[in-house]
Structure formats: C-alpha cells, structure tokens
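# Chain and residue survey
Here is how the chains run, residue by residue.
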Amino acid sequence: MSNLENKGIEYWVDKLSSSEMPVLSNVVAVLNKLTGDDDAEFNQLAEVILKDPHLTTQILKLANSVQYNPAGSSISTISRAIVLLGFRKVRTMCISLMVVDSLLSKKPRERLLDNMAQAFYAAVQAKEIYKQISQNPTEQEEVFIAALLFNLGEMVFWAYGGKSADTLEIALKECVQSNSSNAVIEKELGTSFKSLSRELSKAWNLGDILQVALSSKGISTKGSLGLQAQAVEFANALSKLSDDQIERRRALVQRIAKFIKCKTVDAANMVKGAAEQAANVAVDFGAPEVCHLVPKAPMDESEHEPAKEDDKPIQVLSSDPNLQLKILRDLANASVESMDMNTIFQTALEGMHRGIGLERMVLAFFNKDQIKAKYVLGERTDGWRDKFMFNIGHEERNIFSENIQKPQPVWIDTAYIKTHKHLYTEATAGLIGVHEAFIGVLKVNNRNAVMFYADRSTTGQSLSKEQFEAFGHFLTQAEFSIQAIAGKKRG
C-alpha cells in the first residue's frame, strides 16, 4: 500500500494540474474564460486552435461531421467554423478534443479506456436528455462537455497517476466485494475520485454545470443550471449500469421520463437512440479505440427474459437474391441517405445474414492487437457479444490472426480446416467451434476497421461459391459506401 502521509486532494490537484498536465490545464482555463462577446475573444479562440496543426485538423474534421454539420456545408477554415457553428460550440469542441487527445496520448490503461467510453456515452445521453427540456444549442453543448468531464479526476489519474495508479490497479483487482472499491480508492489516494473531479474542475475553471453536478446541490439547484446538472447526473448514472442491472435501468428510465415529462416508453426509446450514437461520437472526437467499450443500447422489454436458446426452433436461412440486391442498393445510396458508419456496418451485416443466408454473423472492431465483437446476429450466439474477443498480435497464431491481413475475403473450407487445426485454439474453438466459415476485413483509410465472420453451423448447411461471392460483394459495397461518405464530407 502507498504512503499517504503527504497525499490527499491538494496533493493530487497540484500534481495533476501543475506537474503532469500544466499546458492543458492552463489552455482549458483560458478557453473557459472566453465568452465570445467581442471580436477579440473570437480571434483569441481561433489563435489557440491555429497554434496547434493537429487540433486544427481535428476541429475541421469534427465541424464537417454529421453530428455538427448535418446539412453537409463545407467548412475549411477555423474562422468559418466559428461563424457557422457558433463560438461556444467550437470552444466546447476544442476543450473536448484537447482533453481526449491528452488522456490518450500515452499508452492508455484499460481502465482509462473504459472510463472514456462511459464518458462519451454519458455526454451523448446528457445532451439528448437536456434537448427534451431546452432547444438552446449552446446550453446543450455545455451539458455535453459537463457530462464528458464528469469523471475527469478518475480519467486523469489513470492517465498520469504513475506508480500510484499501478498500486491502485493491483488493490482493486484484489478487492473481492465491488461495493468496497470506493474505500480502497480513498485509502490509496487519500481522497475520492469524485472529489478529485470536483477540485480539478474548479482549478481548470470548467464551468458551473459541472461544479453543481459534482456537488450535493444538483437536485436542489433552481433554474436552467439545476436542470442541466440533473441531466448530467442522470446520464452519468446510465453510463455506470451493467447489462444485467435491468431493474435499476427501468427505475432510472422512469425517473428520466418524469424529469423530461414524457411517457416511460418514449424515454426508453430516447436512451436507446442516444446509446446507438455514442460510438460514432467517440470516433468523431478522435477516440476510435474506445468504440468497442461504449455501453450498449439497452435491451427491448421483449428481450429481458429470453427463452433458453436450446428451446427455440432453429430458423433455416436461405439465399434471397432479390433481398441482396435491395440491401446492396441501400448501401450504394448511403451517402445520399446520410447513413453513418455504424449504420453501414449494420446494414451490410443484415444483408449477409438475411440476404445471403449466413446464419451466425459477427462484426468485430479492431483495437490494437485485439478484435472484439460489436454486433452479432443468429441463433446459438448467446454471449458472443461479450465473449468474442481474440488477440491478433504478431506473436498470435489463431484462425483470425492468420487471415485478417489477406487482401481478399477468406473461405475457411473443410480442406483448410484439416491442414490448419493448430489455428483453432482453445479460446476460438471453445466459442465458435470448428466449422466452415467466411472471414473478411473492411478497411477505412487503408487501415483495418472491422472484421466480418460468418458460418452456417447452426443447421450444419454447407457454404456455397455463390454465398462466398455475395459475401465479397457486400464487403466491397460497404467499403465503397464509407469512402463515398468520407469524400462527401471532404467535398
């Protein structure tokens, strides 16, 4: 255990603000003092951004994203971005991008990535919740950043805590009871993460919304500030829920419904819609490595108590050329229909499943030396979304690491399986079995973005040449669609 004699809230605020992140904390403090009330402050914001070429590129990329620029107006200068999007919106984008970039600049710990994934989820939820109360876009953006930074203390600690973070990591792994983790944190740090977030937000002048949300005054605070703080608190609570906390989620959604004065079912749909946006927002803000960790959309009511898979009748799928053609046309029109990247992925996955007749489907994201399932379709795939996670580094030898670098889709047929049994490791064979399968990789900007896996093992049907060719068509069309959207944004 660490020596806490000289540690506590003051120690950590000083260390993290003055020693580890002085440039960021100073710039963020300056940005938050700018209100955009005169031309000098307008120029000052532009100057802060233009001093950093990387930040300039990120701001322009974000300004041209669907989230901030749904009309698709071309924005090629920082000045035009500030004029079209508004001073406070660009200032919010700037702060968010700088914080995210700073936290992810080193080799990030898994706990930091988890925290950041929850932060993006909370930020999108908070903005959506507050949007039901106020149509003021400036206030909505302020709520977004307050929710994004709600757990700032914890994120900064895992990024810059050094040996203390190593010690706490070990202590938390040894902590048997999850409800005692806060006591372990306070013992190691001499303070709580929430207190650290509150004091850092004061030191960095991150605004009243975050201060109120982090205090005990949120519920009692009157006016728009109190409503904004409550939206942030609701969103943070949503981000902390695990998949199996169904009753707590229901209760929380009911409270949100009461807060925004709507039916519970409408609030549930709003929460689900926001959850589906969060991964895209993380990508827009330069954090694609957290996409696979972003909390999933809550299950529908009908899914709360699913029947046992073994009791379900197995649906035998068959190829449907007409449906294939229709879905391929939908993909071809992706840029016209303003589809986002995740929608393209899901559309391609559904086309392969329903159109080609591929029974078990997985779309997995690349994250450094791992692939992890994002979307799963088909019978007998219970738990795959959480369990489908495999190492693909240079030293790894498994069915995925051996095939993802190939330039064309791969058909794992019976002949291949006989000569490559060593690639079916205990982990891969234990989850997917040993079956004929298709594997294909979709690239974005010449880099591996997602992997599609498909088989027909549920019914034991053989894969065909026609299905393999159709599998390739869907991959190619999805890749073209993403390129078209990227080109449209650049245009």
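Everything in this summary refers to the structure shown in the same document. (Residues numbered from 1 in each chain as written. Predicted model: local features only at pLDDT ≥ 70, side-chain atom pairs only at ≥ 80, totals over all residues. Heavy atoms only, no water.)

A few words now on the overall build of the protein chain. Summing up its helical and strand segments, the protein chain has 22 helices and 6 strands in all. Rg of the C-alpha trace for the protein chain: 24 Å, near the compact-globule value of 23 Å for 491 residues, within the 12% margin. Evaluated residue by residue, the protein chain yields a buried proportion of 51% over its 491 residues. Taking the contacts inside the protein chain whose residues are at least 6 apart along the sequence as the reference set, 66% of them involve residues at least 24 apart. Just so you have it, the protein chain exposes about 23800 Å², and 48% of that area is on carbon and sulfur atoms. A distance of 1 Å separates the average location of the 56 positive side-chain charges in the protein chain from that of its 60 negative side-chain charges. (Helix = DSSP H or I, 4+ residues; strand = E, 2+ residues; numbered from the N terminus. Rg over C-alpha atoms; globule rule 2.2 N^0.38 Å. Buried < 20%, exposed > 50% of the residue type's maximum accessible area, 1.4 Å probe, protein only. Contact = heavy atoms within 4.5 Å. Areas by Shrake-Rupley, 256 points an atom, 1.4 Å probe, with all protein chains shown as cover. Lys, Arg positive; Asp, Glu negative; His and termini not counted. Charge placed at Lys NZ, Arg CZ, Asp CG, Glu CD.)

A separate point is the environment of phenylalanine 42. As for its position among the elements, phenylalanine 42 is in helix H3 (residues 39–50). Phenylalanine 42 sits in the partly exposed class, given a relative accessible area of 22%. Spatially, the C-alpha atom of phenylalanine 42 lies 7.9 Å from that of isoleucine 82, the residues being 40 residues apart in sequence.

Attention shifts here to the packing of helix H7 (residues 110–131) against helix H9 (residues 152–160). It is the contact of H7 with H9, at a shortest axis distance of 9 Å, that shows an interaxial angle of 155°. Accordingly, the angle class assigned to the pair H7 and H9 is roughly antiparallel. For the pair H7 and H9, the crossing hand works out as left-handed. Mapping the contact onto sequence places Arg111, Leu112, Asn115, Met116 and Ala119 in H7 and Glu154, Met155, Trp158 and Ala159 in H9. Within the contact of H7 with H9, the residues separate by chemical class into 6 nonpolar, 1 polar and 2 charged. (Axes fitted to C-alpha atoms, helices over the stretch in contact; angles between N-to-C directions. Parallel < 35°, antiparallel > 145°, perpendicular 65-115°, else oblique. Left-handed = near helix turned anticlockwise from the far one by under 90°. Nonpolar A, V, L, I, M, F, W, Y, C, P; charged D, E, K, R; others polar.)

Strand order across the open sheet formed by 6 strands is E3-E2-E1-E6-E5-E4, with antiparallel pairing between neighbours. The sheet terminates laterally at strand E3 (389–391) and strand E4 (410–412), the two strands that pair on one side only. Here the average twist between neighbouring strands, direction ignored, is 25°. Here strand E1 (residues 360–367) pairs with strand E2 (residues 370–377) via 7 bridges, running antiparallel. (Pairing = 2+ DSSP bridges.)

This structure, assessed with the given rule, holds 13 salt bridges. Glutamate 141 is paired through a salt bridge with lysine 127; the nearest N and O atoms lie 2.6 Å apart. Highlighted residues: glutamate 141 in helix H8 (residues 137–148) and lysine 127 in helix H7, separated in sequence by 14 residues. Accessibility assignment for this pair places glutamate 141 and lysine 127 in one class, buried. (Salt bridge = Lys/Arg side-chain N within 4 Å of Asp/Glu carboxyl O.)

Turning our attention to the environment of alanine 231. Among the secondary structure elements, alanine 231 is positioned in helix H14 (residues 223–240). Given the relative accessible area of 0%, alanine 231 is considered buried. Beyond its immediate sequence surroundings of up to four residues, alanine 231 is in contact with Ala126, Ile129, Tyr130, Val143 and Phe259.

Glancing now at the pairing of E2. The hairpin turn running from E1 into E2, its antiparallel successor, is 2 residues long, and lysine 368 in that turn takes a positive phi close to 55°. Here E2 pairs with E3 via 3 bridges, running antiparallel. Following the sheet pairing, glutamine 370 is matched in E3 by asparagine 391.

Okay, the nonpolar core next. Ranked by internal contacts, the top residues of the largest apolar core, which has 134 residues, are Phe120 and Phe452. Top contributing element to this core by residue count: H7, with 13 residues. Core analysis: the next-biggest nonpolar cluster, separate from the first, contains 25 residues, Phe366, Val410, Ile432 and Ala437 among them. (Core = buried A, V, L, I, M, F, W, Y, C linked by side-chain atoms within 4.5 Å.)

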